[in-house]
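# Survey of secondary and tertiary structure
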Amino acid sequence: MFLKICLCFLTILGSLYAYGGRFQFASYYGDHMVLQKAPERAVLWGYGPDDAEVTVSLSGGPVTNNASAVSVAAGIWRVTLVPMEAGGPYNVTAVLQNNHSITLTDVLFGDVWLCGGQSNMAFTTSQVFNASEELARVSKFPQVRIFMAALEQSDTELTDLAGVEVPWSVPTAKLLGGGDFKHYSAVCWMFGRHLYKALKYPIGLVTSCWGGTPVEAWSSPRALQHCDLDRINGFPMPYTPSMYLSVWTNSLLWNAMIHPLLNMTIKGAIWYQGEANTDYNQKKYSCSFPSMIDDWRMAFHQSSGGQTAPDFPFGFVQVSTYRKASLSEGFPNIRWHQTADYGFAPNLRMKNTFMAVAMDLGDEMSPFGSIHPRDKQDVAYRLSLGARAVAYGEEGVSFQGPFPSRVLVNDQYINVTYDQRVSVTQSKDIFQICCSAARVPCDSLSLWVPAPIMQWGLSAIQVSTNYCSLNHVAGLRYAWRDWPCDFKACPVYSADGVLPAPPFTLNRWPDKR
């Protein structure tokens, strides 16, 4: 008997040695983490010796001895827990063949949100307006837990993260203020804080972002192929530092920083990206961004064993501003393409999504460059409104700015009726009309002239067509500039002045191809 026990023990140790001597959880499980609450079921996985049995149990909370036993296959074990209500803390213990055990402590159940994108998502809490005040209140939210993936690249899809920048942690001012663009994301943190205040249960935040990166780097080959982008690879933008150039490779960050997370059960995701695509595959963005969302949803759903919803809520920030006097249409075009050319979200192409408009939050004096505005508080708040309405179905939460529901054109003016009441200030040029001698679609090369606001009512605005008197009015657009208005001073907002109307462009005679 003693010999059999010794042989069994040596077999386990030998197999562990073959996997780097590890019996452990995967990289993104740890003390202080948040696991997805009911009705979804959290997935736990890790490494061990082939054919060994691993038993996982919970203790310390309202529910104990919730044990599940599985066998290790190809060096990996995986357990799907029973649905757990929000709360904790728990200890999560994995036991290998009744010989070795590893325990995660202070584990909570709540909602897990993934935060992705480029530098405006990486922008840390210490960089925002009133940073000292923001950091001082961090300790009041110990049930909003944070995790951040390290910056890693891979030519192939990784099973696990190659590195961790911030392991699961109770938030502190030091962690949230840890260096410019290092950790921790201001938008992600403040979004989670707003959700916690509304929901009153734990929120887990997983950040995986990299500055200066295009959507193609975060997309799988499947998603890129859908948009005929699988054979096109990146090149530098005018404002992209050379340190970022290698991460423009297709799927490089999907492989290293998203694919490893797919086994995790999540509630939803938020995204702040698009600046890098204002000059790169811009016209494809109306395909590439929705396709990335679709692909992430499919992949998370399948890899979590059906626990992550196949249409999980996805929020995004419509890009802010860059150059105040710029005549380039890169930013207005990307804002439009971010919505799959609908102008608003959710829409028929992008269901179960929500959008935070940010074009009124420009910051010309930002010490981090005007492309990095410091007001991330309003960005996070607007995102949280969308999450409350779309992800949680909270009634009475307004999350969309006014959008035209009807446009009537006559010889002297255009009457724009919105889908809600509006707050309006005078402007001579925020609206533009396209003048054309022929009844053809308008584009960026067409003649666009100002259409001054003449008057307005509770939910309608009348603009002049005088500058187009000798031609047909063929199109109408709003806020179609890189920097359309001063800080929180766009001409059209919701009636309470909180949510800006998003930009739009409308063709009177659209291309029917």
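How each quantity is defined
Residues numbered from 1 in each chain as written. Predicted model: local features only at pLDDT ≥ 70, side-chain atom pairs only at ≥ 80, totals over all residues. Heavy atoms only, no water. Patch = residues over 30% accessible without salt bridge, like charges linked within 9 Å, V, L, I, M, F, W, Y side chains within 5 Å. Areas by Shrake-Rupley, 256 points an atom, 1.4 Å probe, with all protein chains shown as cover. Salt bridge = Lys/Arg side-chain N within 4 Å of Asp/Glu carboxyl O. Lys, Arg positive; Asp, Glu negative; His and termini not counted. Charge placed at Lys NZ, Arg CZ, Asp CG, Glu CD. Helix = DSSP H or I, 4+ residues; strand = E, 2+ residues; numbered from the N terminus. Pairing = 2+ DSSP bridges. Expected span 1.5 Å × (residues − 1). Buried < 20%, exposed > 50% of the residue type's maximum accessible area, 1.4 Å probe, protein only. Contact = heavy atoms within 4.5 Å. Core = buried A, V, L, I, M, F, W, Y, C linked by side-chain atoms within 4.5 Å. Disulfide = S-S within 2.5 Å. Axes fitted to C-alpha atoms, helices over the stretch in contact; angles between N-to-C directions.

An unreviewed UniProt entry lists the protein under the name Sialic acid acetylesterase, with Oncorhynchus kisutch as the source organism.

With that out of the way, let us pick up a positive patch on the surface. A grouping of Arg137, Lys140, Lys197 and Lys200 is seen on the molecular surface, where their side chains present a positively charged patch. Relative to the assigned elements, Lys197 resides in helix 5 (residues 186–199).

With respect to topology, three strands assemble into an open sheet ordered 1-3-6, the strand pairing being antiparallel. Strands at the two margins of the open sheet, each flanked by one partner only, are strand 1 (24–25) and strand 6 (76–80). As defined by bridge partners, strand 1 adjoins strand 3 (residues 43–47) across two bridges and the pair is classed as antiparallel. By the bridge assignment for strand 3, Gln24 is matched with Tyr47.

Let's shift gears to helix 10 (residues 377–391). With 15 residues, helix 10 should cover 21 Å at 1.5 Å per step; its first-to-last C-alpha distance of 20 Å lies within 8% of that length. Taken across its 15 residues, helix 10 has 13 buried, putting it largely inside the fold.

The subject of this paragraph is the environment of Val144. Its location among the elements puts Val144 in strand 9 (residues 144–149). Take Val144: its relative accessible area is 0%, and that puts it in the buried class. On a C-alpha basis, the gap between Val144 and Leu383 in space is 17 Å, while along the polypeptide they are 239 residues apart. Among all residues touching Val144, those that are not within four sequence positions of it are Pro171, Trp189, Gly192, Arg193, Tyr196, Ile203 and Leu205.

Attention now goes to the nonpolar core. Among the nonpolar cores identified, the biggest contains 105 residues, and Tyr29, Trp218, Trp271, Trp296, Phe431 and Tyr478 are the most heavily contacted of them. For this core, the element with the most residues is helix 8 (residues 285–303), which contributes seven residues. Dropping the residues within four chain positions of it, Phe431 is found in contact with Tyr418, Val449, Pro450, Ala451, Ile453, Ile461, Val463, Leu476, Arg477, Tyr478 and Phe504. Counting residues in hydrophobic clusters, the runner-up holds 45 residues, among them Val166, Leu385, Val390 and Val397.

A word on the state of the cysteines. Under the definition given, this model contains five disulfides. Between the sulfur of Cys115 and that of Cys188 lies a disulfide, 2.1 Å long from S to S. Across the S-S bond linking Cys115 and Cys188, the dihedral sits near 65°, which makes this disulfide right-handed. Here the residue Cys115 occupies a position in strand 8 (residues 100–117), and Cys188 occupies one in helix 5, the gap between them amounting to 73 residues. Accessibility assignment for this pair places Cys115 and Cys188 in one class, buried. Across the disulfide, Cys485 is cross-linked to Cys490 (sulfur-sulfur distance 1.9 Å). In this structure, the disulfide formed by Cys485 and Cys490 twists by about -40° around the S-S bond and is classed as left-handed. A relative accessible area of 8% means that Cys485 is categorised as buried. Counting only the cysteines that take part in disulfides, in the order they occur along the protein, gives the pairing 1-2, 3-4, 5-7, 6-8, 9-10. Cys209 takes part in no disulfide bond, and the closest cysteine sulfur to it belongs to Cys188, at a distance of 8.1 Å.

In this fold, Arg382 is placed in helix 10. Taking the relative accessible area as the measure of exposure, Arg382 reaches 3% and is therefore buried. Setting aside its immediate chain neighbours within four residues, Arg382 contacts Ala356, Val357, Ala358, Asp360, Leu361, Val498, Leu499 and Pro500.

Attention shifts here to the sheet that holds strand 20 (residues 453–456). Here we have four strands laid out as an open sheet, ordered 15-16-21-20, and antiparallel in their pairing. The two strands at the open ends of the sheet, each matched to only one other strand, are strand 15 (404–409) and strand 20. Direction aside, neighbouring strands of the sheet carry axes that sit 20° apart on average. One ladder, built from five bridges, connects strand 15 with strand 16 (residues 413–418); its direction is antiparallel. Across the sheet, the residue bridging to Pro404 is Tyr418, located in strand 16.

With that settled, the discussion passes to unusual backbone geometry. Excluding glycine, residues mostly carry a negative phi; peptide bonds, for their part, are mostly trans. Following Ala38, the chain continues into Pro39 via a peptide bond in cis, with omega recorded as 10°. Inspection of the secondary structure puts Pro39 in the loop between strand 2 (34–36) and strand 3. In this model, Ala345 is joined to Pro346 through a cis peptide bond whose omega is 0°. Tracing the sequence through the fold places Pro346 in the loop between helix 9 (330–337) and strand 14 (353–357). Even without glycine at this site, Ala479 takes up a positive phi of about 55°. Inspection of the secondary structure assignment puts Ala479 in the loop between strand 22 (472–478) and strand 23 (492–494). Taking the relative accessible area as the measure of exposure, Ala479 reaches 1% and is therefore buried.

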